[in-house]
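Examining the three-dimensional arrangement
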Amino acid sequence: SNDLRGNSPASRDIANHMHPYTNPAVLADSGPHIMAKGSGVFVHDDAGNQFYEGMSGLWCASLGFSEPELVDAAIAQFHKLPFYHSFAGKTVGPAIDLAEMLIAHAPPARHDSKMGKVFFASSGSEANDTAIKMVWYYQAARGMPQKQKIISRKKGYHGVTMAAASMTALAYAQDGFGLPLDFVKHTTSPDYYNNALDGESEEDFASRCAAELEEMILAEGPDTVAALFAEPVMGAGGVIIPPTGYFAKIRTILDKYDVLLVADEVICGFGRTGNMWGSQSMDVQPDMLTCAKALSSAYLPISAVLMSDKVYETLAEQAEKLGIFGHGYTYSAHPVCAAVALRAQQLMQERDIIGHVRQLAPAFSDRVARFDRFDFIGNTRSIGMIGAMEFSADPATRQKFDPQHKIAAQLVAKIQEKGVILRALPGDIIGFCPPLIMTEGELHDMFDRIEAAVGEFANTANSLRKFNI
Ligand code: PLP
């Protein structure tokens, strides 16, 4: 892919294609990395190099990169009915089946209610924007149109559309855009490793997170705060696993001030954390949840918003008064996307993928924890089949490397040379999120390669530490 001369695919790409989340100058210099083929947990580039996809692409291709059942499901639906919509009471068979499947496997909702209805969209961002509009509609329907502010957490990732990007509390998604929009407020991240005070226990830290959320709600005015959006385990912000008891304390505060909880399950949903939903792993009962990515193992774009019966009934009454629920996308419940998602979820059940994740989780957690022995790695963590290692120039004081060294990005490049694709996350963190179908043998081989790269990188890292200490 690095042939940038003449009419090569790489030079044509540079000439014409503006890439998402890419530095254009770096792309122009190094060229794109062109992927050509998938096989199981591997992708192969156009030069024939094979890589473990240690991030399932973008935390999404849970069933790997060559599942023929999903291809067959798409083709069968393409032949039957390639498109129809769900506006004005129309719909398609796969949407009916998928909605039923999602409701049957939904986590319990708040106040012992159940998740009773699904709304479909195409991406995680769209699902979150939809959920924000539903929250506003819900609060207005209850006679509280001023209850509109949305709280998300620092380091949260919720997507890139206007409202979702405003909730995404990471500088890279907001700088240059004039975001966040002012109805979004960002509260404390449940990042114990970085945010705990000296000597603060996990429980005290969780209590402080809840207290700071309460302070924010009181400062803004409880009658103006509509909902908290939260990933059960934060993904793109650095694989941040909240301390035990965190969500119970948060939920007490939300209940006290009549604030909804929307769980962003876009990464956590469908087995990633060892349960169907991250909300179950965190023992929290949301009012609504958003999901995408592994819903279709990412083979086609589809996302969903699930809502409790209580939320749905309020929305439905308001829509009846107004004559319509005035929201929907051309591709909401697209038949081919729904057919593929339905098949993906059936395969999850038939192959007991969640059982497999639980079986593999101890080995996964062991292999992640082994990086602790490197003295430039300050913290490692994992749950189910998602994890991370975080670099520190001085683990004793949790001091960061100077960001200009781009230590995680450098190491990601070295790891890629060993045949594993990973991603650097902000704050010098490298995440692990391989396809859930990975075998134990593949898991060890992948981590052996990563460990070899980290070992070879130790001299560089240790020389860079000196600039910090
Ligand atoms: N929410 C979470 C937790 C995510 O990780 C992502 C994407 O990574 C999104 C939302 C946005 O999804 P999309 O990129 O499909 O819009």
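Refer to the structure above for everything that follows.
Read on for a plain summary of the structure. (Residues numbered from 1 in each chain as written. Predicted model: local features only at pLDDT ≥ 70, side-chain atom pairs only at ≥ 80, totals over all residues. Heavy atoms only, no water.)

Overview of the overall build of the protein chain
- Scanning the protein chain from terminus to terminus reveals 17 helices and 15 strands.
- Since a compact globule built from 469 residues should have a radius of gyration of about 23 Å, the 22 Å found for the protein chain is in line with a globular shape.
- The principal-axis extents of the C-alpha atoms in the protein chain amount to approximately 65 × 60 × 45 Å.
- Residues classed as buried in the protein chain amount to 54% of the 469 residues present.
- Nonlocal contacts in the protein chain, meaning residues at least 24 apart in sequence, comprise 71% of its contacts between residues at least 6 apart. (Helix = DSSP H or I, 4+ residues; strand = E, 2+ residues; numbered from the N terminus. Rg over C-alpha atoms; globule rule 2.2 N^0.38 Å. Buried < 20%, exposed > 50% of the residue type's maximum accessible area, 1.4 Å probe, protein only. Contact = heavy atoms within 4.5 Å.)

Remarks on the site of the ligand
- Near the ligand you find S123, G124, S125, N128, Y157, H158, G159, E231, D264, V266, I267 and K293, and these make up its full shell.
- Separating a nitrogen atom of the ligand from a side-chain N or O atom of D264 is a distance of 2.7 Å.
- Among the elements that line the shell around the ligand, the one with the most residues is helix 6 (residues 124-141), at three residues.
- Residues of the shell around the ligand, tallied by class, amount to three nonpolar, six polar and three charged. (Near = heavy atom within 4 Å. Polar contact = N/O pair within 3.5 Å; in protein donor to acceptor, adjacent residues only side chain to side chain. Nonpolar A, V, L, I, M, F, W, Y, C, P; charged D, E, K, R; others polar.)

Quick look at unusual backbone geometry
- Cis peptide bonds are those with omega within 30 degrees of zero, and the linkage from L179 to P180 qualifies with 5 degrees.
- Relative to the helices and strands, P180 is located in the loop between helix 8 (171-174) and strand 6 (184-187).
- Backbone geometry at A298 places phi at a positive 70 degrees, although glycine is not the residue there.
- Position of A298 among the secondary structure elements: in the loop between strand 9 (288-291) and strand 10 (303-308).
- With relative accessibility at 35%, the residue A298 sits in the partly exposed group.
- We note that A333 has phi near 60 degrees; this positive angle belongs to a residue other than glycine.
- Position of A333 relative to the elements: it lies in the loop between helix 13 (309-322) and helix 14 (335-350).

Things to note about the pattern of salt bridges
- Applying the stated criterion across every chain yields a total of 24 salt bridges.
- Taking the shortest distance from any N to any O, the salt bridge between R110 and D255 comes out at 2.1 Å. A residue pair is termed long-range when its members are at least 10 positions apart, and R110 in the loop between helix 5 (93-104) and strand 4 (115-121) and D255 in helix 11 (residues 246-256) qualify at 145 residues.
- Under the relative-accessibility criterion, D255 is labelled partly exposed at 32%.
- R208 is the salt-bridge partner of E200, the closest N and O atoms lying 2.8 Å from each other. Of the two residues, E200 and R208, both sit in the buried class.
- Three or more residues joined by partner-sharing salt bridges are found here, namely R367, R370, R373, D448 and E451. (Salt bridge = Lys/Arg side-chain N within 4 Å of Asp/Glu carboxyl O.)

What to know about the sheet that holds strand 12 (residues 386-391)
- Within the open sheet, the four strands sit side by side as 11-12-15-14. Their pairing is antiparallel. In this open sheet, the two strands that pair with only one neighbour each are strand 11 (377-383) and strand 14 (423-425). Geometrically, the sheet is characterised by an average inter-axis angle of 25 degrees between neighbouring strands, direction not taken into account. (Pairing = 2+ DSSP bridges. Axes fitted to C-alpha atoms, helices over the stretch in contact; angles between N-to-C directions.)

Some thoughts on the packing of aromatic side chains
- Considering all chains together, one arrives at 18 aromatic pairs under this definition.
- Ring plane angle 80 degrees and centroid distance 4.9 Å describe the contact between Y246 and F247, whose orientation is recorded as edge-to-face.
- Look at F376 and F391: their rings are 6.0 Å apart centre to centre, the planes differ by 10 degrees, and that puts the pair in the stacked class. Linking F376 in the loop between helix 15 (353-369) and strand 11 with F391 in strand 12, this pair joins segments that are 15 residues apart in sequence. Residue F376 shares its accessibility class with F391, and that shared class is buried.
- One aromatic cluster is present, built from ring pairs that chain together F364, F371, F432 and F447.
- Here the guanidinium or amino end of K117 rests over the ring plane of Y312, the centre of that ring lying 4.4 Å away. (Phe/Tyr/Trp six-rings, centres within 6.5 Å; stacked < 30°, edge-to-face > 60°. Lys NZ or Arg CZ within 6 Å of the ring centre and 35° of its normal.)

So, the layout of surface pockets
- Each pocket or cavity is described by its volume, and for the second largest pocket that value is around 820 Å³.
- What lines the second largest pocket is a set of 28 residues, among which S86, V118, F119, F120 and F325 lie closest to the centre.
- Counting only elements with at least two residues in the lining of the second largest pocket, the list comes to helix 5, strand 4 and helix 13.
- Grouping the constituent residues of the lining of the second largest pocket by class yields 18 nonpolar, seven polar and three charged. (1 Å grid on protein atoms, 1.4 Å probe; cavity = no way out; pocket = protein on both sides within 12 Å on 5 of 7 lines; lining within 4 Å. Points joined across faces, edges and corners; volume = space filled by probe spheres on them.)

Re the packing of helix 6 against helix 13
- Axis separation between helix 6 and helix 13 bottoms out at 9 Å; the angle between their running directions is 75 degrees. With respect to their mutual orientation, helix 6 and helix 13 come out roughly perpendicular. Listed contacts from helix 13 to M134, Y137, Y138, A140 and A141 of helix 6 are K310, V311, T314, L315, Q318, A319 and L322.
- Broken down by class, the residue content of the contact of helix 6 with helix 13 amounts to nine nonpolar, two polar and one charged. (Parallel < 35°, antiparallel > 145°, perpendicular 65-115°, else oblique.)

With respect to the pairing of strand 1 (residues 35-39)
- Bridging between strand 1 and strand 2 (residues 42-45) involves four bridges; their strand directions are antiparallel. Counted as the bridge partner of M35 is D45 from strand 2.
- With antiparallel pairing between neighbouring strands as the criterion, strand 1 and strand 2 make up a hairpin whose turn holds two residues, including G40 at a positive phi of roughly 60 degrees.

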